[in-house]
Amino acid sequence: METHPTTPENFEAVYQRAHLLYSQGRFDHAAEWFQKALAIEPEHGIACAYLAMCWCRNETDYPKAVAAARRAVSLEPENAFVHSILAICLLDSAKPGQEAIMREGLASAEKAVQLDPDLSLAFAVRGHA
């Protein structure tokens, strides 16, 4: 039985492959697969957040990482994880003297802690900020 590329099963398979590559530290390949997943389901905030983290590994991709993280927050504004990812991307991309970006990163980390006081990532990011 042939399945259509836009079926949820195919999204899930692509997303799981991306996640596996991410967990193996193969961030370039994971980014490709997260992009494929987002082509199927563009409103998936968590996939956007993971894509941002893949891109955040490379300094030249910081602008793309921040944009993907902002998109994740816009899709899931009540999700502490995506706020944490935005904070990481902002803090990592800020150059010395870019206080506004640092403050925005701290605000995003604070929002993550506020949304989910049990999320250890949120506290770690806030501490980093």
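About the cut-offs
- Counting from 1, residues in each chain are numbered in the order their sequence is written.
- Given that this is a predicted model, residues contribute local features only at a pLDDT of at least 70 and side-chain atom pairs are listed and counted only at 80 or more, while totals for whole chains, interfaces and linings are drawn from all residues.
- Water and hydrogen atoms were dropped before computing side-chain values, which therefore reflect all heavy atoms in the structure.
- Numbering of helices and strands runs from the N terminus, with a helix taken as a DSSP run of H or I at least four residues long and a strand as a DSSP run of E at least two residues long.
- Whether two residues touch is decided by their heavy atoms; if any such pair falls within 4.5 Å, the residues are in contact.
- Structural elements are reduced to axes, namely lines fitted to C-alpha atoms, with helices fitted over the stretch in contact, and the angle between N-to-C directions of any two is expressed from 0 to 180 degrees.
- Angles are sorted into four bins: roughly parallel if under 35 degrees, roughly antiparallel if over 145, roughly perpendicular if 65 to 115, and oblique for all others.
- If you view the pair so one helix is near and one far, a crossing is left-handed when the near helix is turned anticlockwise from the far one by less than a right angle, and right-handed when it is turned clockwise.
- Under the scheme applied, nonpolar residues are Ala, Val, Leu, Ile, Met, Phe, Trp, Tyr, Cys and Pro; charged residues are Asp, Glu, Lys and Arg; polar residues are all the others, including Gly.
- Given a helix with a known number of residues, its expected span is that number minus one, times 1.5 Å.
- Between buried and exposed lies partly exposed: a residue is buried under 20% and exposed over 50% of the maximum accessible area for its type, with that area taken using a 1.4 Å probe on protein chains only.
- Nitrogen and oxygen atoms within 3.5 Å of one another constitute a polar contact, given that in protein one can donate a hydrogen and the other can accept it, and given that sequence-neighbouring residues count only through two side-chain atoms.
- The pairing test for Phe, Tyr and Trp rings, Trp by its six-membered ring, is centres within 6.5 Å, and the orientation test on the planes gives stacked under 30 degrees, edge-to-face over 60, and tilted for anything in between.
- Think of it as a cone above the ring: NZ of Lys or CZ of Arg counts as a charge over the ring if it is within 6 Å of the ring centre and within 35 degrees of the ring normal.
- By nonpolar core is meant a set of buried Ala, Val, Leu, Ile, Met, Phe, Trp, Tyr and Cys residues that side-chain atoms within 4.5 Å join together.

**Thoughts on the environment of Y62**
Phase 1 of the analysis: Locating Y62 in the fold gives a position in helix α4 (residues 62-75).
Phase 2 of the analysis: Every residue in contact with Y62, bar those within four places of it in the chain, is listed here: W55, C56, D92 and S93.

**Section: the packing of helix α3 (residues 45-55) against α4**
Phase 1 of the analysis: Where α3 meets α4, the closest approach of the two axes is 8 Å, and the angle between their N-to-C directions is 160°. Between α3 and α4, the crossing angle belongs to the class labelled roughly antiparallel. As α3 runs across α4, the sense of the crossing is left-handed. Of the residues in α4, those touching α3 at G45, C48, A49, A52 and W55 are Y62, K64, A65, A68, A69, R71, A72 and L75.
Phase 2 of the analysis: Its residues placed into classes, the contact of α3 with α4 shows ten nonpolar, one polar and two charged.

**Quick look at helix α5 (residues 80-93)**
Phase 1 of the analysis: End to end, α5 covers 20 Å across 14 residues, agreeing with the expected 20 Å (1.5 Å per residue, within 8%).
Phase 2 of the analysis: For α5, a buried count of 13 out of 14 residues is recorded, marking the element as mostly surrounded by other parts of the structure.
Phase 3 of the analysis: Regarding α5, its N-cap is N79, as a side-chain oxygen of that residue lies 2.8 Å from the backbone nitrogen of F81 further along.

**Topic: the packing of aromatic side chains**
Phase 1 of the analysis: Here the structure, examined in full by the defined rule, presents six aromatic pairs.
Phase 2 of the analysis: Pairing F34 with Y50 gives two aromatic rings, centres 5.6 Å apart and planes at 10°, and the pair type is stacked. In this pair, F34 sits in helix α2 (residues 27-40) while Y50 sits in helix α3, placing the two residues 16 residues apart along the sequence.
Phase 3 of the analysis: Between the aromatic rings of Y50 and F81, the centroid separation amounts to 5.4 Å while the plane-to-plane angle is 40°, which identifies the pairing as tilted. With Y50 in helix α3 and F81 in helix α5, this pair connects stretches of sequence that are 31 residues apart.
Phase 4 of the analysis: Aromatic rings pair up to connect F11, Y15, Y22, F27, F34, Y50 and F81 into one cluster.
Phase 5 of the analysis: One cation-aromatic arrangement involves K36 over W33; the distance from NZ or CZ to the ring centre is 3.9 Å.
Phase 6 of the analysis: A cation over a ring is seen here: R57 above F27, with NZ or CZ 3.9 Å from the ring centre.

**A look at the nonpolar core**
Phase 1 of the analysis: Of all hydrophobic cores here, the largest spans 42 residues; its most connected members are Y15, Y22, F34, I85 and C89.
Phase 2 of the analysis: The greatest single-element share of this core, amounting to ten residues, is contributed by α3.
Phase 3 of the analysis: Setting aside its immediate chain neighbours within four residues, Y22 contacts F27, A30, F34, Y50, M53, C54 and R57.
Phase 4 of the analysis: A80, A112, V113 and L119 belong to the second-largest nonpolar core, a separate cluster that totals five residues.

It is worth stressing that arrangement in space is one thing and function is another; only the former is reported here.
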